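Architecture and fold: a report
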Amino acid sequence: MSFVSYKFFAFLAVLLLLYYLLPKRIQWMILLLGSMVFYAFSGPKYLIYMAVTILTTYGAAVLIERVWAKQDVWVKENKGISREEKKAYKASMTRRAKLILVLCLLANLGILAVIKYTDFLLENLNGIFGTDFELHHFLLPLGISFYMFQSLGYVIDVYRRKYPAEKNIAKMALFTSFFPQVIQGPISRFDELSVTLFAEHRFNSHDFYYGFLRAAWGFFKKLVIADRLAPVILTLTADTDKYPGVFVLANILFYAIQLYADFTGGIDITIGVARMLGIRVTENFQRPFFSKNIAEYWRRWHITMGTWFKDYIFYPLSVSGWMLKVSKWSRNKLGAALGKRIPVYISTIVVWFATGIWHGAAWNFIVWGMLNCLVLLVSQELTPLYRKFHDRCGFSNTVVWDCVQIFRTFWLMGLIRILDVYRDVPLTFRMVGSMFTTGNWDALSDGSFLKLGAAGLDFIVVGVGVLIMFIVSLLAEKKSIEGRMTGKPMALHFVLLLVLILAVVVFGAYGIGYDATQFIYNQF
C-alpha cells in the first residue's frame, strides 16, 4: 500500500479513529493489527519473511539476556573465587551469547542474501565462467532491508547489554512492523522508539496538527516536485544515444532534486503520520545539500542508515581481534604514521562496500559505494593540506568560500549518484565523458528540454517548488519550522496548511487513476 494512494488515506483515517476512540491500553495492539494489515497489502505471503525476523530476533534476544542473567547470578554467588576463574567463566558465557547472536544474524542475513543477491551472483558466474545457471527472479519483500536491519540492531544492542530484551513478542512484532517506517525507514533504535511506541496517548491537537503539516509537506515534495520530474529522467535515460552532453548535466541536477524530494518527502510523511499517533520517530535528514564536504553530507543524508553501519559494522570491525593484529603488523612493517591508518581504511572500505550492495544487487551500486569511499579517504588524508592552503590564502571561513564548498559537494555527489540513474557502469562513465566531448549546449535554448515528457509549466512548477523547498531548508537550518511557527496566530497556521494542501491537489503529478508513483527507496 503506497503512502500516495486513496487506500492509504482510507486506512489511516480508520486507524486514527480506532486508535483514539478505543481504550488507551490497547492502542499499541491496534497499531500492531494496523501494521500487519498495511504490510499484507504488499502480498500476504511476505508476512512470512517478517514473521521469521520477528521470531528469530525475539528468541535470540531473550536467550542472550538469560545468558547474561545467569552470568550475573553466578558472579554474585561466587565472590570468593579467583580472578582467573571469574574471567574464564565470563569468557565461556560470552561465547555462548555470541553464538546465539551469530546464529540469529546468519539466519536473517542469509534470507536477505538469498532473496536479494542470488541472481546477481549467478549472473556473474554465468558471465565469468560461461555457465548457464537459471535465474530465480525472487521478488523482494517490501521494506525487508529496513525492518531486518532495525531488528538486528536491537539484538546486537541486547547482546551489548545496552538494554534488556523485550519479553512481549507482540510488542517486538510492532517494533519490527510499525507501518509508517516499514517502507523506507528511518531505521529506528529500540530504546528510542519504544518510549512512545508502546505508551498510551491521548489526542493532542498540537502533535496532530504538526504531524499533519509535516505529512502534507512530504506529499508536496513527493507529488509536486519528485513525481513531476520523473518523466523527464525516464526520457533522458531511455535513449542515452539521443541525450548526451548537456542532457547528462541536466540529468545529474534533475535526479538530485527528484531523489531528495522523493526520499525526504517519504520520511516527512513517516514522521508526520507517527506524530499524529503521538509517536516520535528519528529524523533521517538534516538538509544535506548545505554540506561543505562529502563527510558532512553523509552525516546529514539518510542518517539512521549511516549510524547503523557505523555502530554495527565500522566500530566492531575496527576493534576486532584480527584487526588489532593487522594494526600491529602494519605499524611494524609500514611505520606508525601509515600503520595506524590501515585498520581505518579496511573498515571504511568494508562499510562502503556493504552500503553499496545494500542499495542494490548490481555493480553500479558497488562502484557507487567504492567511489564514495575513495573520495572520503582522499579528503581525509588531504585535510591538513587543505587547511594550510586555505589559511595561507585567507579565504577560509568566508560566506563565499562556504558557498563554493556547498556547490562543489553538490555536484561531486551528483556525479557519483548518476550511477543510480543509468544503472550500467561503463554507460555511466561514457555519459559523464560526453559532457566534455559533445557540444550540444544549444539544447538549452532551442526547446529540446520541452520534449522530454514535461511542458514548460511543469518546469516552472518544479522550479517554484524547489525554491520553496530551499527557503524552508534555509529557515530550518537555524531554527526548526515548528519552533518558528509556535505562538503564531491560528489564522496563519490555517492559511499555511490550506495553501499546502491546495498546492498538492492542484499541482501534484498523478498517474492513471490518480495513483502516484512508488517511492524510489521502496526498491532497497
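The structure under discussion appears in the preceding block.
First things first, this report covers the structure right here in the doc.

**With respect to the overall build of the protein**
Counting secondary structure elements, the protein contains 22 helices and 0 strands. Against the compact-globule benchmark of 24 Å for 524 residues, the protein has a radius of gyration of 25 Å, which places it among compact chains. Taken over 524 residues, the protein has a buried fraction of 49%. Long-range contacts, defined here as pairs at least 24 residues apart, represent 76% of the contacts in the protein between residues at least 6 apart.

**Brief notes about the pattern of salt bridges**
Here the structure, examined in full by the defined rule, presents 19 salt bridges. The residue Asp191 makes a salt bridge to Lys162 at a minimum N-O spacing of 3.7 Å. Here the residue Asp191 occupies a position in helix H8 (residues 190–197), and Lys162 occupies one in the loop between helix H5 (144–159) and helix H6 (169–177), the gap between them amounting to 29 residues. Take Asp191: its relative accessible area is 28%, and that puts it in the partly exposed class. Judged by relative accessible area, which is 44%, Lys162 ranks as partly exposed. Each of Asp207, Arg275, Arg280 and Glu482 takes part in one network of salt bridges that share partners.

**Focus on the environment of Phe3**
Locating Phe3 in the fold gives a position in the segment before helix H1 (6–21). Sequence separation between Phe3 and Phe38 is 35 residues, and the spatial gap between their C-alpha atoms is 10 Å.

**Remarks on the packing of aromatic side chains**
Per the stated rule, a full pass over the model turns up 54 aromatic pairs. For the pair Phe146 and Trp358, a centre-to-centre distance of 5.4 Å together with 90 degrees between the ring planes defines the contact as edge-to-face. Of the two residues, Phe146 sits in helix H5 while Trp358 sits in helix H15 (residues 342–359), which places them 212 residues apart along the sequence. Assessed through its relative accessible area of 2%, Phe146 is described here as buried. Here Trp358 falls in the buried class, since its relative accessible area comes to 2%. An aromatic cluster is built from Tyr260, Phe263, Phe285, Phe289, Tyr297, Trp298, Trp301, Trp352, Trp368, Phe407, Phe410 and Trp411, whose rings are joined through pairwise contacts. The cationic tip of Lys116 hangs over the ring face of Trp358; the distance from NZ or CZ to the ring centre is 5.6 Å. The cationic tip of Lys171 hangs over the ring face of Trp28; the distance from NZ or CZ to the ring centre is 5.5 Å.

**Comments concerning the packing of helix H3 (residues 47–77) against helix H4 (residues 83–129)**
One can describe the packing of H3 onto H4 by two numbers: an axis separation of 10 Å at closest approach and a directional angle of 175 degrees. Classified by the angle between their axes, H3 and H4 sit roughly antiparallel to one another.

**Re the nonpolar core**
In this structure, Leu31, Tyr154 and Phe179 are the most contacted members of the largest nonpolar core, which totals 146 residues. The residues contacting Leu31, other than those within four sequence positions of it, are Leu15, Tyr19, Leu174, Phe178, Phe179, Leu197, Leu277 and Ile279.

**What to know about helix H19 (residues 425–437)**
If you check H19, its first and last C-alpha atoms are 19 Å apart, about what 13 residues at 1.5 Å a residue would give, namely 18 Å. For H19, the set of buried residues is Val425, Leu427, Thr428, Met431, Val432, Ser434 and Met435. Where H19 is buried, its residues contact helix H10 (246–276), helix H16 (363–393), helix H17 (399–417) and helix H18 (419–422). Measuring from the backbone nitrogen of Leu427 back to the side-chain oxygen at the start of H19 gives 2.9 Å, which picks out Asp424 as the cap.

**Some remarks on unusual backbone geometry**
With omega at 5 degrees, the peptide bond leading from Gly185 into Pro186 counts as cis. Here His137, not a glycine, exhibits a phi torsion of approximately 55 degrees, which is positive. Considering the arrangement of structural elements, one finds His137 in the loop between H4 and H5. Non-glycine residue Arg423 carries a positive phi angle of around 65 degrees. Secondary-structure assignment places Arg423 in the loop between H18 and H19.

**A closer look at the environment of Tyr386**
Among the structural elements, Tyr386 can be located in helix H16. With 10 residues separating them in the primary sequence, Tyr386 and Ser396 have C-alpha atoms 9.9 Å apart.

**Looking at H15**
With 18 residues, H15 ought to run about 26 Å at 1.5 Å a step, and its terminal C-alpha atoms sit 26 Å apart, in line with that. Summarising burial for H15: 13 of the 18 residues are buried, a large majority.

**As for the packing of H5 against helix H12 (residues 303–318)**
Contact geometry of H5 with H12 gives a least axis separation of 11 Å together with a crossing angle of 40 degrees. Classified by the interaxial angle, the pair formed by H5 and H12 is oblique. In terms of crossing hand, the pair formed by H5 and H12 is left-handed. Facing Phe149, Gln150, Leu152, Gly153, Ile156 and Asp157 of H5, the residues of H12 in contact are Trp308, Phe309 and Tyr312. Looking at the contact of H5 with H12, its residues break down into 6 nonpolar, 2 polar and 1 charged.

Reading guide: rules and limits
As a convention, each chain's residues are numbered from 1 in the sequence order in which they are written. For this predicted model, a pLDDT threshold of at least 70 governs which residues receive local features, and a threshold of 80 or more governs which side-chain atom pairs are given and counted, while totals over whole chains, interfaces and linings are taken from all residues. Remark: hydrogens and water are excluded; side-chain values derive from all non-hydrogen atoms of the structure. A run of H or I in DSSP counts as a helix once it spans at least four residues, and a run of E counts as a strand once it spans at least two, with each numbered from the N terminus. We take the radius of gyration over the C-alpha atoms and set the globule estimate at 2.2 Å times the residue count to the 0.38 power. Buried residues are those whose accessible area, probed at 1.4 Å on protein chains only, stays under 20% of the maximum for their type, while exposed residues exceed 50% and partly exposed ones sit between those limits. The contact rule is simple, with two residues in contact once any of their heavy atoms fall within 4.5 Å. What makes a salt bridge here is a side-chain nitrogen of Lys or Arg within 4 Å of a carboxyl oxygen of Asp or Glu, nothing more. A pair of Phe, Tyr and Trp rings is counted when the ring centres sit within 6.5 Å of each other, with Trp represented by its six-membered ring. The angle between the planes then sorts it: under 30 degrees is stacked, over 60 is edge-to-face, the rest tilted. Criterion for a charge above a ring: Lys NZ or Arg CZ within 6 Å of the ring centre, and within 35 degrees of the ring normal. All axes are obtained by fitting lines to C-alpha atoms, using only the stretch in contact for helices, and the reported angles, taken between N-to-C directions, cover 0 to 180 degrees. An angle below 35 degrees is treated as roughly parallel, one above 145 as roughly antiparallel, one from 65 to 115 as roughly perpendicular, and anything else as oblique. Buried Ala, Val, Leu, Ile, Met, Phe, Trp, Tyr and Cys residues form a nonpolar core when they are joined through side-chain atoms within 4.5 Å. Helices are assigned an expected span. That span is 1.5 Å times one less than the residue count. Pairs of N or O atoms are called polar contacts if they sit within 3.5 Å, as long as, within protein, a hydrogen donor faces a hydrogen acceptor (for residues adjacent in sequence, only side-chain-to-side-chain pairs). In this scheme the handedness of a crossing depends on how the near helix is turned from the far one: anticlockwise by less than a right angle means left-handed, clockwise means right-handed. As a working rule, the residues Ala, Val, Leu, Ile, Met, Phe, Trp, Tyr, Cys and Pro are called nonpolar, Asp, Glu, Lys and Arg charged, and the rest polar, with Gly in that last group.

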